[in-house]
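Listed here are the chains, written in short residue letters.
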Amino acid sequence: MQVQLYDLCTSGHLSTMRGHAQPVTSLNIHSSPPNTLVTGAADRRVRVFDTRRGSQPAMTLSGHQGAVVSTQCDDWKVASGG
C-alpha cells in the first residue's frame with residue numbers, strides 16, 4: 001500500500017511512499033519534525049519516512065498485535081496506538 005505526497009503550493013506530486021503490506025490506517029505529518037512522515041497500517045507496523053530520501057521508509061517499527069490506528073512523532077520519539 002502507498003501514500004501519495006503532494007505540494008500544496010503547486011499541486012504537484014512530490015513522492016509515493018511505499019512499504020506497507022496492508023491499508024494505511026494512520027498517518028501523521030502535522031506535528032512531526034520537518035521532512036518526516038509517520039504512518040501506521042493494518043499490517044501492524046509503523047513506518048517513518050524521510051520525505052527527502054524517496055519512497056522507502058527510513059525506519060520500520062513492529063510490535064503491535066493488531067492494526068495501528070494512531071501515530072504521533074516528535075524530534076526523538078514515535079508513539080503509536082492500536
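- Looking at an unreviewed UniProt entry, one finds the chain named F-box/WD repeat-containing protein 8 and attributed to Geodia barretti.

**Regarding the side chain of Thr-16**
Part 1: Looking at the secondary structure, you find Thr-16 in strand 2 (residues 13-18).
Part 2: Within the local environment of Thr-16, its side chain forms a polar contact with the side chain of Gln-4, the two groups lying 2.8 Å apart.
Part 3: For Thr-16, the side chain forms a polar contact with the side chain of His-13, separated by 3.2 Å.
Part 4: Beyond its immediate sequence surroundings of up to four residues, Thr-16 is in contact with Gln-2, Val-3, Gln-4 and Ser-55.

**Some remarks on unusual backbone geometry**
Part 1: Here the phi dihedral of Asn-35 falls at roughly 65°; this positive angle occurs in a residue that is not glycine.
Part 2: If you trace the backbone, Asn-35 turns up in the loop between strand 3 (24-28) and strand 4 (36-41).
Part 3: Judged by relative accessible area, Asn-35 falls into the partly exposed class, the value being 34%.
Part 4: Positive phi outside glycine occurs at Arg-44, with the angle close to 70°.
Part 5: Structurally, Arg-44 is set in the loop between strand 4 and strand 5 (45-50).

Procedures and definitions
Sequence order sets the numbering: in each chain, residues are counted from 1 along the sequence as written. Local features in this predicted model are restricted to residues whose pLDDT is 70 or higher, and side-chain atom pairs enter the listing and the counts only when it is 80 or higher, whereas totals over whole chains, interfaces and linings include all residues. Side-chain numbers here rest on the full set of heavy atoms in the structure, without hydrogens or water. Each helix corresponds to a stretch of at least 4 residues labelled H or I by DSSP, and each strand to a stretch of at least 2 residues labelled E; elements are numbered beginning at the N terminus. Pairs of N or O atoms within 3.5 Å make up the polar contacts considered here, provided that, within protein, one atom can donate a hydrogen while the other can accept it, and that residues adjacent in sequence are counted only when both atoms are side-chain atoms. Only heavy atoms matter for contacts: two residues are in contact if any of them lie within 4.5 Å across the pair. Each residue is assigned to one of three classes by its accessible area relative to the maximum for its type, calculated with a 1.4 Å probe on protein chains only: buried under 20%, partly exposed between the two thresholds, exposed over 50%.

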